Amino acid sequence: MPWCDECSRFLTPNSMGEGGECPGCGRVLAGGGGSGVDGEAVDEPHVPWHFKLLVLATIVYLAYRAVQGVVWLAGRI
Ligand SMILES: [Zn+2]
């Protein structure tokens, strides 16, 4: 998230101007305006594909273990 030294506050990409400048003092900050100048703070909601794969694998594994548990319970009754 970009930081403005002049105004001493954090700025979201949406609160900055078209060129990535601070609305308070007009100073141009790196990575602003959603244009991907810096790349670091702009695409923060981006989730890497291997994280999605990990979550999917965890769900599949837990579902498999749940089925196993039900089968185990049914065998004991
Ligand atoms: Zn400012």
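Small disclaimer: the values here were computed from a predicted structure and weren't measured.

Of regular secondary structure, the protein possesses one helix and two strands. Out of the 77 residues in the protein, the part that is buried amounts to 10%. Pairs at least 24 apart in sequence give 13% of the contacts found in the protein among residues at least 6 apart.

This paragraph deals with helix 1 (residues 49-76). For helix 1, with 28 residues, the first-to-last C-alpha span of 41 Å sits near the 40 Å given by 1.5 Å per residue. For helix 1, the buried fraction is low: zero of the 28 residues fall into the buried class.

Let us look at the confidence of the model for the protein. Predicted confidence across the protein gives a mean pLDDT of 82, with 81% of residues reaching 70 or more. Looking at the elements of the protein, mean pLDDT is at its lowest for strand 1 (residues 3-4), recorded as 86, and at its highest for helix 1, recorded as 96. Between residues 32-36, whose pLDDT stays under 50, and residues either more than four places distant or in other chains, the model counts 16 contacts.

Our focus in this paragraph is unusual backbone geometry. The phi angle at S8 is positive, at roughly 55 degrees, despite the residue not being glycine. With respect to the element layout, S8 can be found in the loop between strand 1 and strand 2 (9-10). Given 8 C-beta atoms within 10 Å, S8 falls into the exposed group.

Conventions we followed
- Residues numbered from 1 in each chain as written.
- Predicted model: local features only at pLDDT ≥ 70, side-chain atom pairs only at ≥ 80, totals over all residues.
- Helix = DSSP H or I, 4+ residues; strand = E, 2+ residues; numbered from the N terminus.
- Buried ≥ 20, exposed ≤ 12 C-beta atoms within 10 Å, placed from the backbone.
- Contact = placed C-beta atoms within 7 Å.
- Expected span 1.5 Å × (residues − 1).
- pLDDT = per-residue confidence, 0-100.

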